[in-house]
Amino acid sequence: MITSVKEILVKARKEGYAVGAFNTVNLETTRAIVEAAHELKAPVIIQITEKTMEYGGGRGMFHLVKNDAEFYAPEIPLGIHLDHGKSFELIERCSEIGFSSVMYDGSRKEYVDNLMMTKKIVDFCHSRNIDVQGELGSVPYLGEFEMKDEDWDQYMTDPDQAQDFVKQTEIDTLAVAIGNAHGFFKERSEPDYDRLEKISKKVSIPLILHGASDWEAERVRQVVKRGISCFNVDTATRIAFINSLTKQIKSQAGGASFDVRKLLGQSRDAVKEVVKQKIISFGSEGKA
Ligand code: G3H
Ligand code: 13P
Ligand code: ZN
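### Side note on the pattern of salt bridges
- All chains considered together, the criterion is met by 18 salt bridges.
- A salt bridge links Asp153 to Arg195; the nearest nitrogen and oxygen atoms lie 4.0 Å apart. Here Arg195 lies in helix α8 (residues 193–202) and Asp153 lies in the loop between β5 (131–136) and α7 (159–169), a separation of 42 residues in the sequence.
- Residue Asp153 is classed as partly exposed on the basis of its relative accessible area, which comes to 47%.
- The class of Arg195 is buried, set by a relative accessible area of 16%.
- Ionic pairing is found between Glu197 and Arg226, a salt bridge with its closest N-O pair at 2.8 Å. Here Glu197 is found in helix α8, whereas its partner Arg226 is found in the loop between α9 (217–225) and β8 (228–233), with 29 residues between them in sequence.
- Given the relative accessible area of 31%, Glu197 is considered partly exposed.
- Relative accessible area serves as the criterion here: at 17%, Arg226 is assigned to the buried category.

### Describing the site of ligand 1
- In the vicinity of ligand 1, the contacting residues are Thr49, Lys51, Thr52, Asp83, His84, Tyr141, His182, Asp234 and Arg238.
- Residue Arg238 places a side-chain N or O atom 3.2 Å away from an oxygen atom belonging to ligand 1.
- Starting from 310 Å² of accessible surface for ligand 1 in isolation, the protein chains cover 80%.
- Going through the elements one at a time, α3 (50–56) and β3 (78–85) are the ones with two or more residues in the shell around ligand 1.

### Let's talk about the coordination of the zinc ion (ligand 3)
- Around the zinc ion (ligand 3), the donor atoms from the protein are His84 (NE2), His182 (NE2) and His210 (ND1), and they sit 2.1 Å away.
- We note that the donor set of the zinc ion (ligand 3) lies within a single chain, spaced as H-x97-H-x27-H. Of this pair, His182 sits in the loop between β6 (173–176) and α8 while His210 sits in the loop between β7 (207–209) and α9, and the two are 28 residues apart along the sequence. In this structure, His182 and His210 share a single accessibility class: buried.

### Points about the environment of His63
- On the secondary structure map, His63 appears in helix α4 (residues 58–72).
- Taking the relative accessible area as the measure of exposure, His63 reaches 32% and is therefore partly exposed.
- For the pair His63 and Ile280, spaced 217 residues apart in sequence, the C-alpha separation works out to 27 Å.

### Looking at the side chain of His84
- Within the element layout of this structure, His84 appears in strand β3.
- Its relative accessible area of 11% is what places His84 among the buried residues.
- A distance of 2.8 Å separates a polar atom in the side chain of His84 from a polar atom in the side chain of Asp105.
- Only 3.1 Å separates the side chain of His84 from the side chain of His210, close enough to count as a polar contact.

### Focus on the site of ligand 2
- For ligand 2, the set of nearby residues contains 13 residues, the closest of which are Asp83, Gly183, Ser213, Asp234 and Thr235.
- Here an oxygen atom of ligand 2 sits 2.7 Å away from a polar atom, N or O, in the main chain of Asp234.
- One nitrogen or oxygen atom from the side chain of Thr235 is found 2.5 Å from an oxygen atom belonging to ligand 2.
- Going through the elements one at a time, β3 and β8 are the ones with two or more residues in the shell around ligand 2.
- Split into classes, the residues belonging to the shell around ligand 2 amount to one nonpolar, 10 polar and two charged.

Rules of the game
Residues numbered from 1 in each chain as written. Chains lettered and ligands numbered in written order. Predicted model: local features only at pLDDT ≥ 70, side-chain atom pairs only at ≥ 80, totals over all residues. Heavy atoms only, no water. Salt bridge = Lys/Arg side-chain N within 4 Å of Asp/Glu carboxyl O. Helix = DSSP H or I, 4+ residues; strand = E, 2+ residues; numbered from the N terminus. Buried < 20%, exposed > 50% of the residue type's maximum accessible area, 1.4 Å probe, protein only. Near = heavy atom within 4 Å. Polar contact = N/O pair within 3.5 Å; in protein donor to acceptor, adjacent residues only side chain to side chain. Areas by Shrake-Rupley, 256 points an atom, 1.4 Å probe, with all protein chains shown as cover. Donors = N, O, S within 2.8 Å, 3.2 Å for Na, K, Ca; no water. Nonpolar A, V, L, I, M, F, W, Y, C, P; charged D, E, K, R; others polar.

This is how it looks when you write it as structure tokens:
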């Protein structure tokens, strides 16, 4: 059942587990996430980015996810969310389409500009019953920088600033930077657990960790214990999809099948396996 992201994550934070927020780009990835959540009885979030809206159409992608969720997992709390929204216009468009949860990512702006824009978006969204995720600190992308451990400080979330940001903007969830990074990137050798603990004491709304594709079980456990309620995953599912497709195509040398559904069906199943492993490691299996 389509459920508010805020509701899913407030429950997770209260009960001490985390939920997976998986990016989708197509039918196969969507179905893989929906089936994995259904089979493991796990609440889940499916995210769409601006690039995916350009690729598949905003309305088309939103309704693909909604229809799949309602038909294949009607009993599972499932939130549909805009990931990394970077402009007011995009968020307006998502509200017209029917999204009930969006991220405004002003993390690369100066603090005051991020705060003011996030607040403007919260005012717009809350009057329309839409939840908002903000980001403070900044989570780097694969290949963006060559970083040593000491370089990380400038990107990480400041606990006092986080408290002020949440209070002033009234966001519903907060994405934090504690040494995490997007993609299979050289992250800080150890996440800054103390920093997370401090943020957690000052901020009671659910905390989100982006770039969770390569987070192994022990790290996951350590940050869930300290208040993370949601992990964003994209790279790991994309790689599973592409690896499976490549393998299928290579193994067909000489006797090619032209049944695209067969090839993409295998990719869907490969993605589903990754989503299931992640759900189990986040601790949301059986929480629906
Ligand atoms: O964190 C964001 C995504 O992994 C980037 O996705 O290529 O759809 O913008 P995108
Ligand atoms: P990864 O691509 O590292 O899994 O990060 C995904 C993410 O943070 C989406 O917002
Ligand atoms: Zn992200």
